[in-house]
Amino acid sequence: MSSIALNLRTRPSGRPGALGLGISTLWLSLIVLLPLAAVVVRSTEGGFDTFWNAVSSRQAVAALRFTLEVSLLSTLINAVCGTLIAWVLVRDRFRGKRLVNALIDLPFALPTIVAGLTLLALYGPRSPVGINVAFTQFAVLLALLFVTLPFVIRSVQPVLLELDRDMEEAAASLGARPGVIFARVIMPALLPAILSGAALAFARGVGEFGSVVLISGNVPFDTQVASVFVYKQIESDNPGGAAAVSVVLLGLSLLVLVAIRTAGAWGSRHER
Amino acid sequence: MIAVEHVSKRFGDFVALDDISIEAPDGKLTALLGPSGSGKSTLLRVIAGLEVPDTGTVVVSGQDATRLPPQKRGIGFVFQHYAAFKHMTLRDNVAFGLKIRKRPKTEVAAKVDELLHLVGLEGFADRYPAQLSGGQRQRMALARALAVEPSVLLLDEPFGALDANVRADLRAWLRRMHEQVPVTTVLVTHDQEEAMELADRIVLLKDGRIAQVGAPRELYDQPADSFVMSFLGRVSKVDGRLVRPHDVALSDRPEDGWEEAMVQRVVHLGFEVRVEVVRGDGEEVTAQLTRAEAEALEPHAGSIVWLRPPASGVSA
Amino acid sequence: MSVDRPTRIGLRVVALGYLAVLLLVPVGLVFYRTFEKGLGFVWDSITTPAAIHALFLTLEVAAITVPLNAAFGVLAALALVRGRFPGRRLLDALIDLPFAISPVVVGLALLLVFGRTGWLGPALADAGIQVIFSVPGIVLATVFVSMPFVVREVAPVLKEIGEEQEQAAATLGAGAWQTFWRVTLPAVRWGLAYGVVLSTARAIGEFGAVSVVSGKIAGETETLTLLVEKRFQNFDLAGAYAASALLALIALGTLLAMSVIGARKSEA
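Nothing here was measured: the structure is a model prediction, and the numbers come from that model. (Residues numbered from 1 in each chain as written. Chains lettered and ligands numbered in written order. Predicted model: local features only at pLDDT ≥ 70, side-chain atom pairs only at ≥ 80, totals over all residues.)

Engineer: Residues and numbers for the overall build of chain B, please.
Structural biologist: The secondary structure content of chain B amounts to nine helices and 18 strands. Seen through its C-alpha atoms, chain B measures out along the principal axes to roughly 80 × 45 × 30 Å. When burial is assessed residue by residue, chain B has 40% of its 316 residues classed as buried. Restricting the contact set of chain B to residue pairs at least 6 apart, pairs at least 24 apart contribute 63%. (Helix = DSSP H or I, 4+ residues; strand = E, 2+ residues; numbered from the N terminus. Buried ≥ 20, exposed ≤ 12 C-beta atoms within 10 Å, placed from the backbone. Contact = placed C-beta atoms within 7 Å.)

If you want it as structure tokens, here you go:
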């Protein structure tokens, strides 16, 4: 009863909140909402037909399809590897673990263009180990794996840390082997975090530009991703076409944001 | 003096306070006592200005404070969980109110030292709250509240978050404090023992309404109803009436009109002896005897005693 | 759950191997390639006029962007955590938007509003203000993409410390501003610091949005990241590596700050 009361309490000094709200709304509207609205408006300026033509051109479709495929694949791989790495970072002990843990954030801290160059150094034409995947679709996958690496890891780590070991010990005392414990006790608890991390990784992958632009060669119908396509449209003075494909990407982002929030709410349904 | 008149407050559908009118006399310690959800904390926060009532008025030290923010009411407030400024030292915590009022540094320093001495925390001035125990933090909170010389001191379950023995110590300490510095004080607690020990006057609340107001002795000896009686001390139920266990008389000889009962358990609690008997109709009654009475009676499990019918008591 | 030793070692090897192949070796290689040619060469490469200008421009943009983000971040966190108003959840969702939008789309969006043929373009041109292909445009783009960081770090800290300290300050006589300055802000300082570090790293490293809005005018609107791209495309690989190494060093500094401040943040 008292917790309901706390939520609905009228506050005699709500001024900081009100002031914060006023200014934040203004700022957000000017910097974020207005420009995004402009994109949507521009994309439909010539009517629905223009929009549809821009979005369904062979090159646009190829770019969008490739982007979706490679983002999904990289998300999948990083979901699995990310969970594994999070596990090792939380449950294992070895020298240098703290350093490794700090380095996980490198893709967050490193500029995307530098990330691309970095991968090119090892996996490009002048690779010291003879692996050259530059200008292939695999290069794009590699770039996305690099930039989306931290998402699942950082999403899963706190959940793993907070995990109540009692549940695992209870399961073990009831006769369950480690594999079973992992599948039936640990994974269900981690799943919401994995999904929300994966959703963030996917959203990032779909829009990624800087790391891809150098290593992929941006070959239309082959290694060109949606963001590069949009960029080329802008350069060719076709903002309408760029806006149309951008709206598709924006729609995807919104979908993903909603998915993350739902996963978050779903994940905490067992918390009390 | 504090006067609350016809104050009501609801949160959505929940009625926290229903037409409450009370007074807290000058220089005295008034306890707001009641179970969870009785509205006692809400009432305290209304007095403090941390909540705005839907109806009614609040008068603090002669002025109508109903629309005044907490800053302007001249109050001191102590929270259950201390609300210590974690990033400041003890000294800075206690000095906060004075610094806000832009008092000269020498005055602030002197006052802080005086207060730290008063609450027994002299050596801890440069420590941070995280380095202190719960009891020390609460003493600091009190010093902080007293620093601005409030006309009214409000305490919201101040010992609720502390261990039992610390609680007992601080209770005694607060009583001494209050005798030394008799500020008009209102204390919220759910612990009847605490209220009985500390208060000059108790306001017992239930479901947002006043159940009874009076001195502790008054509420204990002349409870208005069964709720008040049950809340303020142990009760035994005999024949549909509530009596105090120490008012239940037992005899080893049949007396006129007394009823037969069998002893089930005898528990020796040091200075008192609890005797649990069961009557013919199966009703269980607990009697509390002094050691002398128990020695005279010599009760043991299975023995037959006679139970005096309740003369006083409140109907259950 | 205790895993047996072979499994544990196996998992560790796979995890570290993945990280090495994807992260560590490539970054290490860049540093190696950079300094392969000697320190002198690297120094010359990052002290060309274009490079110096790019560095200063990047820092200038960050110096404008980050305080703006910090101010907005604190205000928005206050609104989200302490405010009670309809649409609060909408605000919450909107703040996350920049995370989910492609930087190129961000650039396009700003172009369509502030460009010469954009919604506000003509009005701005009349007032003599040029946004696109000029520094203000770069600042706007950078602010957009790095906006959420401070909010997202300050809000949870604000939530955790609760309102009691602020209420105590009120009972002690502190007004709204005094309470904010003396109690609220110090209480969230580590969350704020962490958010500022993340925001700065993002601001310095922004590429896609800036690509679109800056016009890449050498010596004027060319940031450090744009310089890397240009050098690469001009086949000046060594020069590109040198500028990259500078950026990578800044990134490592960021990681260090994150580590230190992160520790302070969790023990507070």
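Next comes the rest of the description.
Engineer: With reference to specific residues and values, describe the overall build of chain C.
Structural biologist: A count of helical and extended segments in chain C gives 14 helices and zero strands. Start at the N end of chain C and walk to the C end: the helices and strands fall as α-α-α-α-α-α-α-α-α-α-α-α-α-α. Taking the principal axes of its C-alpha atoms as reference, chain C extends roughly 70 × 65 × 30 Å. Split into buried and exposed, the 268 residues of chain C put 55% on the buried side. Put simply, 76% of the contacts in chain C that link residues at least 6 apart link residues at least 24 apart.

Engineer: Provide a residue-level description of the domain arrangement of chain B, including the pertinent values.
Structural biologist: A common way to report how large an interface is uses the accessible area buried once the components associate. One can read the domain layout of chain B as domain 1 (2-228) and domain 2 (236-315). Spacing between the C-alpha centres of domain 1 of chain B and domain 2 of chain B amounts to 41 Å. (Domains from an automatic or database assignment.)

Engineer: Any chance you could break down the pairing of strand β8 (residues 184-189) of chain B for me, citing the residues and the numbers?
Structural biologist: Residue and element names in this part refer to chain B. Summarising burial for β8: six of the six residues are buried, a large majority. Residues of β8 alternate between two faces, with T184, V186 and V188 on one and T185, L187 and T189 on the opposite face, all of them buried. Across five bridges, the pairing between strand β3 (residues 29-33) and β8 is parallel. Bridge assignment links T30 to a residue of β8, and that residue is V186. Bridge analysis of strand β7 (residues 152-156) against β8 gives five bridges, and the strand direction is parallel. (Pairing = 2+ DSSP bridges.)

Engineer: How would you explain the nonpolar core if you had to name every residue and give the values?
Structural biologist: Membership of the largest hydrophobic core comes to 266 residues, with the highest contact counts inside it found for A143 of chain A together with L108 of chain C. Considering each element in turn, this core owes the most residues, 17 residues, to helix α3 (residues 49-82) of chain C. (Core = buried A, V, L, I, M, F, W, Y, C linked by C-beta atoms within 7 Å.)

Engineer: Quick one: what's the story with unusual backbone geometry, residue by residue and with numbers?
Structural biologist: Residue and element names in this part refer to chain B. Even without being a glycine, D19 presents a positive backbone phi close to 55°. As for its placement among the helices and strands, D19 is situated in strand β2 (residues 14-24). Looking at D19, the number of C-beta atoms within 10 Å reads 14, which means it is partly exposed. Although it is not a glycine, E157 sits at a positive phi angle of roughly 45°. By the secondary structure assignment, E157 is in the loop between β7 and α5 (164-180).

Engineer: Describe the interface of chain C and chain A, listing the residues and the values that go with them.
Structural biologist: With 71 residues of chain C in contact, the opposing surface of chain A contributes 70 residues. For the side of chain C that touches chain A, the element with the most residues is helix α1 (residues 5-36) of chain C, which contributes 15 residues. Classifying every residue of the side of chain C that touches chain A by side-chain character gives 54 nonpolar, 10 polar and seven charged. (Nonpolar A, V, L, I, M, F, W, Y, C, P; charged D, E, K, R; others polar.)

Engineer: Can you explain the sheet that holds strand β17 (residues 304-307) of chain B? Please cite residues and give values.
Structural biologist: All names here are of chain B. Spatial strand order, β13-β17-β14-β15-β16: five strands in an open sheet with antiparallel pairing. This sheet does not close on itself; its edge strands, each paired only once, are β13 (250-251) and β16 (284-290). By the bridge criterion, seven bridges tie strand β15 (residues 272-279) to β16 in an arrangement that is antiparallel. Each residue of the ladder has a partner; that of V275, found in β16, is A287.

Engineer: Would you mind going over the sheet that holds strand β12 (residues 241-243) of chain B in detail, with residue names and values included?
Structural biologist: Residue and element names in this part refer to chain B. The strand order across the open sheet built from three strands is β11-β12-β18, with neighbouring strands paired in antiparallel fashion. Strands with a single pairing partner mark the edges of an open sheet, and in this sheet they are β11 (236-238) and β18 (314-315). Note that β12 and β18 share two bridges and pair antiparallel. Directly across from R241, in β18, lies its bridge partner S315.

Engineer: Give me the lowdown on the environment of I75 of chain B, citing residues and values where you can.
Structural biologist: Within the secondary structure, I75 of chain B sits in strand β6 (residues 75-78). Assessed through the 27 C-beta atoms surrounding it within 10 Å, I75 of chain B is described here as buried. Once the C-alpha coordinates of I75 of chain B and A48 of chain B are considered, the two residues, 27 residues apart in sequence, prove to be 6.8 Å apart. Ignoring any residue separated from it by four or fewer positions in sequence, one finds I75 of chain B in contact with A48, V60, P70, P150, V152 and L154 of chain B together with T171 of chain C.

Engineer: An account of the domain arrangement of chain C is requested, with residue identities and associated values reported.
Structural biologist: Residue and element names in this part refer to chain C. In terms of domains, chain C is made up of domain 1 (1-36) and domain 2 (37-267). If you average the C-alpha positions of domain 1 and of domain 2, the two centres end up 31 Å apart. Between domain 1 and domain 2, the residue contacts involve seven residues of the former and eight residues of the latter. Here the residues of the side of domain 1 that touches domain 2 are counted per class, giving four nonpolar, one polar and two charged.

Engineer: Which residues make up the environment of L191 of chain A, and what are the values?
Structural biologist: Looking at the secondary structure, you find L191 of chain A in helix α10 (residues 178-207). When the C-alpha atoms of L191 of chain A and T83 of chain A are compared, they prove to be 9.8 Å apart, with 108 residues separating the residues in sequence.

Engineer: Before we move on, could you go through helix α8 (residues 148-161) of chain C and cite the residues and values that matter?
Structural biologist: Residues spaced three or four apart along an α-helix point in a common direction, a consequence of the helix completing one turn every 3.6 residues. Residue and element names in this part refer to chain C. When the terminal C-alpha atoms of α8 are compared, their 21 Å separation across 14 residues agrees well with the 20 Å that a helix rising 1.5 Å per residue should span. Looking only at α8, the buried set comprises P148, F149, V150, V151, R152, E153, V154, A155, V157 and L158. Against the buried residues of α8 lie α3, α4 (88-100), α7 (135-146) and α11 (189-205). Two residues or fewer after α8 comes G162, characterised by a positive phi angle close to 70°. (Expected span 1.5 Å × (residues − 1).)

Engineer: Explain the confidence of the model for chain C to me, using residue names and the numbers behind them.
Structural biologist: All names here are of chain C. Residues with a pLDDT of 70 or more make up 99% of chain C, whose mean pLDDT is 90. Highest mean pLDDT in chain C belongs to α11 (95); lowest belongs to α4 (83). Here the complex is predicted with pTM 0.85, and the ipTM for its interfaces comes to 0.89. (pLDDT = per-residue confidence, 0-100.)

Engineer: Can you break down the confidence of the model for chain B residue by residue, with the values?
Structural biologist: Per-residue pLDDT for chain B has a mean of 91; in total, 100% of the residues score no lower than 70. When mean pLDDT is taken per element in chain B, β3 of chain B scores highest with 96 and β18 of chain B scores lowest with 76.

Engineer: Give me the lowdown on the packing of helix α2 (residues 90-100) of chain B against helix α4 (residues 134-147) of chain B, citing residues and values where you can.
Structural biologist: Residue and element names in this part refer to chain B. It is the contact of α2 with α4, at a shortest axis distance of 7 Å, that shows an interaxial angle of 25°. By the criterion of interaxial angle, the relationship of α2 to α4 is roughly parallel. For the pair α2 and α4, the sense of crossing is right-handed. Contact with α2, carried on its side by L90, N93, V94, A95, F96, G97 and L98, involves M140, A143, R144 and A147 of α4 and no other residues of that element. For the contact of α2 with α4, the class distribution of residues is eight nonpolar, two polar and one charged. (Axes fitted to C-alpha atoms, helices over the stretch in contact; angles between N-to-C directions. Parallel < 35°, antiparallel > 145°, perpendicular 65-115°, else oblique. Left-handed = near helix turned anticlockwise from the far one by under 90°.)

Engineer: With reference to specific residues and values, describe the pairing of strand β14 (residues 259-269) of chain B.
Structural biologist: All names here are of chain B. As paired elements, β14 and β17 share four bridges and run antiparallel to each other. Across the sheet, the residue bridging to E260 is W306, located in β17. Note: β14 against β15, eight bridges, orientation antiparallel. Bridge assignment links A261 to a residue of β15, and that residue is R279. Where β14 folds back on β15, the antiparallel hairpin that results is connected by two residues, among which G270 adopts a positive phi of roughly 80°.

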